[in-house]
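The residues making up each chain are set out below.
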Amino acid sequence: MAEAAGSGGGGGRSWKRHIVRQLQLRDRAQSGRFLDVVQAYTKLLEKSSLLVHFTEKLQAESFDLQPSRSGRETNGSAREPGLGSPEALQTLKIKYQGQIAEMKGVSGELAYQIIELSKLLKAKECKLQEQKMRLASLSGRISELEAEHQQLKGRAEDLGSGNCARKAEYDALHERYRLREGELRRAAEKEQELIESLVRKKVEAAEHQNKKNERVKQARLSRELKKATKRTVSIDVELDELKPAEVKGPVRELVELEGCEKLWKRPFRSASATSVTLARCVDVFKGLLDFRLKRGNSISSSSEVHYRSMPICLVTCLPSRVSDVQEAHFSEVNAVKFSPSSGVLATGGADSLIRLWNVAGGRLESLQTLEGANGSITSIEFDPSETLTGHADKVTAAKFRSTRLQAVTGSRDRTVKEWDLCKGACCRTINVFSYCNDVVCCDNVIVSGHHDKKIRFWDSRGPRCTEVIPVEGKVTSLHISQDQMHLLSCSRDNTLKVIDLKMNNVRQVFRADGFRCGSDWTKAIFSPDKSYALVGSSDGALYLWNMESGKLETILSGEHRASVNAVAWCFSGQCVVSVDQAKKVVLWK
């Protein structure tokens, strides 16, 4: 820094010398011009003096001539005749008069030049004065710059010393950072180990809870069977009503039952017996046996009952107007779903309630309110089910498989679980290490969308992830087309992506000016015939894209005043329902 300051001082001094040299050269040039003016002025003065001298001399000669002429007239013959003649005097006079006129012209010209040169001299003197004043100001400026240079030099020295101190601090901080980075790496490894341990503990706890639930159900079933065996059953058979050909068989059965009654006399000792017919008794025992068989079915059993066929939509009608508006819940509405018949609508909200609505004649009529959830509802599916326990945190998505006997759920505990609905227990747990926001299922594949901006594909027949598709934002929803050929994803980067499930790659990306994904559970859907993609925006509008052209088809706005969380398209393709964060459900036709 000192060398830099010295070089800066040498540059400043050379700059000053250059300015002084330029000023000196300009002074010399202007002084040379002034010298020319002074010399010309001196010559004019000399000529003026010479003219005055000639004038005085001529006047003296004219005075001398007049007395000599008068003396010559008096003396007459004593002078020479040529000198005193009038002709000679007249000639001399004319000559002197011409010289005087010439001298006056020269004197006038010289006087005019003197005036011009005087003006020029005054202008030069003014300019010289200005240059002197400018030189003085420049000298003052140079002094100020020198003072400022000294200050800057001092500041540079201070900064140099400060930089040295900062460098020492930086080296110390760098060393501390290296140490902290090592500690952070070790902490991250320990955290990973703790997460894996926590996941294992959660899996063990879920399995323990499932076993406990199974034991509780088995115990309840045993108690019910014990209660059933303790009841006294009397069988009344009216033989008169039977045909003659059929009497032998029932009588023999009755005898056997009477014989058994003696053997079973002690178990059937209840004081409150129930009288039933033989057919009713057989139906009761048959029901118990069917219930036992149902509880023993496995996932791969051939007796699985598949979903009934869904109604087929040939042409989807684009919604254009509002048909009905209802205030659905006490808090924001997060989920909405049509029944397969399109006659019943279900909505779920942050108030932990599910409300069922009858959809008829373009109106929504409240049917029933379902209670029992422990938190806000974010996903709804239609099918008879029972309560399943096993997740350690909030369940964010739930979908049925291709049969009624299996379901898949995603949770914030970073797991995806498969459930056997016959046993009411978890049959598989997938650890993901990221929040699961939504899941969908097709034949042998489970697709999950996560908080870490990834869509994962899981083979239900294998233990590991088969494909990962990264996106630019958190995945908020997934929706699979009815032909199970394409997957629609919505993410917080304000885009919708269509994924080809055969190639597992992104086929189309939908975005629009004004569309903003309003929450982490915003739902986007296909139309029933897969001709359109529909989603709600944070500004309360519904955006609809054409799948064939890839362009924005229309925007439905004006009714919602808050962010739209979910939309549903009925299976007949005739109407659309949207729900928002302002407790409102809107039916579009």
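Residues numbered from 1 in each chain as written. Predicted model: local features only at pLDDT ≥ 70, side-chain atom pairs only at ≥ 80, totals over all residues. Heavy atoms only, no water.

**Regarding the overall build of the protein chain**
Here is step 1 of the chain: Within the protein chain one finds 4 helices and 26 strands.
Here is step 2 of the chain: When the 589 residues of the protein chain are sorted by exposure, 32% land in the buried category.
Here is step 3 of the chain: Of the contacts made within the protein chain by residues no fewer than 6 positions apart, 51% connect residues no fewer than 24 positions apart.
Here is step 4 of the chain: With an accessible surface of roughly 36600 Å², the protein chain has 54% of that area assigned to carbon and sulfur atoms. (Helix = DSSP H or I, 4+ residues; strand = E, 2+ residues; numbered from the N terminus. Buried < 20%, exposed > 50% of the residue type's maximum accessible area, 1.4 Å probe, protein only. Contact = heavy atoms within 4.5 Å. Areas by Shrake-Rupley, 256 points an atom, 1.4 Å probe, with all protein chains shown as cover.)

**Examining the pairing of strand β7 (residues 363-370)**
Here is step 1 of the chain: Inspection of the sheet shows strand β6 (residues 354-360) paired to β7 by 7 bridges, in the antiparallel sense. Considered in β7, the bridge of tryptophan 357 is made with serine 366.
Here is step 2 of the chain: Here β6 folds back onto β7 in antiparallel fashion, the turn holding 2 residues, of which glycine 361 has a positive phi close to 60°. (Pairing = 2+ DSSP bridges.)

**A short note on the UniProt feature "repeat: WD" (unreviewed entry) in the protein chain**
Here is step 1 of the chain: In the numbering used here, UniProt assigns the feature "repeat: WD" (unreviewed entry) to residues 326-367, 388-421 and 526-555.
Here is step 2 of the chain: In residues 526-555, the share of helix is 0% and the share of strand is 50%. The end C-alpha atoms are 16 Å apart. (UniProt positions renumbered as here; feature names shortened; annotations may be inferred.)

**A closer look at the sheet that holds strand β18 (residues 495-500)**
Strand pairing within a sheet occurs via backbone hydrogen bonds; the two strands may be parallel or antiparallel.
Here is step 1 of the chain: As summarised here, the arrangement of the 4 strands in space is β16-β17-β18-β19, forming an open sheet in which the pairing is antiparallel. At either margin of the open sheet sits one strand with a lone partner, and together these are β16 (475-480) and β19 (505-510). Pairwise comparison of adjacent strand axes, ignoring direction, gives a mean angle of 25° for this sheet.
Here is step 2 of the chain: In the sheet, β18 pairs with β19 via 5 bridges, with the strands oriented antiparallel. Paired with valine 498 across the bridge in β19 is glutamine 508. (Axes fitted to C-alpha atoms, helices over the stretch in contact; angles between N-to-C directions.)

**A word on the pattern of salt bridges**
Here is step 1 of the chain: As enumerated under the stated definition, the model contains 12 salt bridges in all.
Here is step 2 of the chain: The shortest N-O distance in the salt bridge between aspartate 324 and arginine 363 comes to 3.6 Å. Here aspartate 324 is found in strand β3 (residues 322-327), whereas its partner arginine 363 is found in strand β7, with 39 residues between them in sequence.
Here is step 3 of the chain: The exposure class of arginine 363 is partly exposed, given its relative accessible area of 44%.
Here is step 4 of the chain: Ionic pairing is found between arginine 456 and aspartate 452, a salt bridge with its closest N-O pair at 2.8 Å.
Here is step 5 of the chain: Judged by relative accessible area, which is 28%, aspartate 452 ranks as partly exposed. (Salt bridge = Lys/Arg side-chain N within 4 Å of Asp/Glu carboxyl O.)

**Re the sheet that holds β3**
Here is step 1 of the chain: Spatial strand order, β3-β26-β25-β24: 4 strands in an open sheet with antiparallel pairing. Strands at the two margins of the open sheet, each flanked by one partner only, are β3 and β24 (564-569). Direction aside, neighbouring strands of the sheet carry axes that sit 15° apart on average.
Here is step 2 of the chain: One ladder, built from 5 bridges, connects β24 with strand β25 (residues 576-580); its direction is antiparallel. Directly across from valine 567, in β25, lies its bridge partner serine 578.

**Focus on the packing of aromatic side chains**
Here is step 1 of the chain: For the coordinates displayed, the defined rule picks out 4 aromatic pairs.
Here is step 2 of the chain: Ring centres of tyrosine 543 and tryptophan 545 lie 6.2 Å apart, and the angle between their planes is 25°; on these two criteria the pair is classed as stacked. In terms of burial, tyrosine 543 and tryptophan 545 fall into one category: buried.
Here is step 3 of the chain: Pairwise contacts between aromatic rings join Phe510, Phe515, Tyr543 and Trp545 into one cluster. (Phe/Tyr/Trp six-rings, centres within 6.5 Å; stacked < 30°, edge-to-face > 60°.)

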